[in-house]
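Chain by chain, the residues:
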Amino acid sequence: MSNDEQLDDFEARTRATLRAGSESLDGATRSRLARARATAVAQLAPRRRRWQLQLLAPAGALAAAMLLTVLFFGHDRGAPEVNPGSPAALYDMELLADADAFEISQEADLEFIEWAAAMAELESAGG
Amino acid sequence: MHPLYCEGLGLPAMTDDTGQALNRFLAEVERRAFRMAQMALRHDDDAMDAVQDAMLQLARRYGGRPQEQWRPLFFRILQNRIRDLQRRRTVRNRVMALLPWRQDDEDPPDPVADAPDMGPGPGEQVEGEAMLAALQAAVSRLPARQREAFLLRNMEGLDVAQTAAAMGCSDGSVKTHYFRAVQSLREQLGEYRT
């Protein structure tokens, strides 16, 4: 009844009696209350860890999600791998650089062209 | 760095100061809280459980709140816990009443109910422990909401707004419950008015 209104005599007496009764608790009860209080105050320490856990758990989940995204989608398995140092890659580069060779490579009957070229080499060697 | 904020995180932190403040607050209210629970539950162990639970919940859930909020929060938790225990006891008593092998002497002793009922007597002046026992018995007989309003306002000294916050009701309801409680206690303890 702090600020709202004045206590009348009866209210003041009941208040004084009840408060005095609260102070007259036996030792065992006071001891149990003190232990309960200590236990409650000790609960404040884990709270800080819970704050950190609440912050770190979403961050960890986000990092895991990003890692999985990179593993699954960052590695494009549909695209062919090109090793610039391999003979096939060198052949492809020469083919693209030489316009005539590229046109020949687009012909449908490549075997015939190779046969004709081989025959021409034989004739030139024989003649 | 502000002492109430974790370094680098900007989050409320439980510092040693907070622990000491909470310890001081609980030490200041714990005995009255126990008496409140005792008058409501009429059982010492249940009263201790209610107070202990209220302390733990305040520390765990609201320890980071501003200290001026602790008092109404603590007593709201306590009142909720008392109601839970009363409901549980009601259910238990109904179940026990249905059991055919129930023994009538299973009820624990009730020190408040067993306190002498100080009816009006001619010129009788009672002080000290007898007055306390009569008052506690009378408060115990009040309806729950009247008892809460009376104890929070009168014994704990909360103002109307704080009492309303602790009881989860409006200011007007607090005033009504408190007025009726005082009227009822005046009638029951008439001889103690002077």
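Residues numbered from 1 in each chain as written. Chains lettered and ligands numbered in written order. Predicted model: local features only at pLDDT ≥ 70, side-chain atom pairs only at ≥ 80, totals over all residues. Heavy atoms only, no water.

Trainee: Can you break down the side chain of A:Thr29 residue by residue, with the values?
Mentor: Relative to the helices and strands, A:Thr29 is located in helix α2 (residues 27–42). Its relative accessible area of 10% is what places A:Thr29 among the buried residues. For A:Thr29, the side chain forms a polar contact with the side chain of A:Asp26, separated by 2.8 Å. Apart from the residues within four sequence positions on either side, A:Thr29 is in contact with B:Phe34 and B:Met48. (Helix = DSSP H or I, 4+ residues; strand = E, 2+ residues; numbered from the N terminus. Buried < 20%, exposed > 50% of the residue type's maximum accessible area, 1.4 Å probe, protein only. Polar contact = N/O pair within 3.5 Å; in protein donor to acceptor, adjacent residues only side chain to side chain. Contact = heavy atoms within 4.5 Å.)

Trainee: How would you summarise the nonpolar core if you had to cite specific residues and measurements?
Mentor: In terms of nonpolar packing, the biggest core is built from 58 residues, with B:Leu22, B:Leu26, B:Leu58, B:Phe74, B:Phe75 and B:Phe150 touching the most fellow members. For B:Leu58, the residues in contact, after removing those within four places along its chain, are B:Leu22, B:Phe25, B:Leu26, B:Gly63, B:Trp70, B:Leu73, B:Phe74 and B:Ile77. (Core = buried A, V, L, I, M, F, W, Y, C linked by side-chain atoms within 4.5 Å.)

Trainee: Can you explain the packing of aromatic side chains? Please cite residues and give values.
Mentor: The geometry of an aromatic ring pair comes down to the distance between the two centres and the angle between the two planes. All names here are of chain B. For the structure on display, the rule yields four aromatic pairs over all chains. Each ring, one from Phe25 and one from Trp70, has its centre 5.9 Å from the other, and the planes form 55 degrees; the classification is tilted. With a gap of 45 residues between them, Phe25 in helix α1 (residues 16–41) and Trp70 in helix α3 (residues 70–98) connect regions that are remote in the sequence. For Trp70, a relative accessible area of 2% puts it in the buried group. Measuring from centroid to centroid gives 5.2 Å for Phe74 and Phe75, while their planes differ by 80 degrees, and the two rings are edge-to-face. (Phe/Tyr/Trp six-rings, centres within 6.5 Å; stacked < 30°, edge-to-face > 60°.)

Trainee: An account of α1(B) is requested, with residue identities and associated values reported.
Mentor: With 26 residues, α1(B) should reach 38 Å at 1.5 Å per residue; the first-to-last C-alpha distance of 35 Å fits that figure. Backbone geometry just downstream of α1(B) places B:Arg42 in the positive-phi region, at approximately 55 degrees. (Expected span 1.5 Å × (residues − 1).)

Trainee: Summarise the confidence of the model for chain A; cite the residues concerned and give the values.
Mentor: In the predicted model, chain A carries a mean pLDDT of 75, and 63% of its residues have values of at least 70. Mean pLDDT values over the elements of chain A span from 63, in helix α5 (residues 99–105) of chain A, up to 94, in α2(A). (pLDDT = per-residue confidence, 0-100.)

Trainee: I'd like a rundown of empty space enclosed by the protein, residues and numbers included.
Mentor: Residue and element names in this part refer to chain B. One pass over the structure, following the stated rule, counts one cavity of 30 Å³ or more. In terms of lining residues, the largest cavity is bounded by Met36, Ala40, Gln79, Ile82, Arg147, Glu148 and Leu151. Secondary structure elements with two or more residues in the lining of the largest cavity: α1, α3 and α5 (144–155). Residue contributions to the lining of the largest cavity peak at three residues, all from α5. (1 Å grid on protein atoms, 1.4 Å probe; cavity = no way out; pocket = protein on both sides within 12 Å on 5 of 7 lines; lining within 4 Å. Points joined across faces, edges and corners; volume = space filled by probe spheres on them.)

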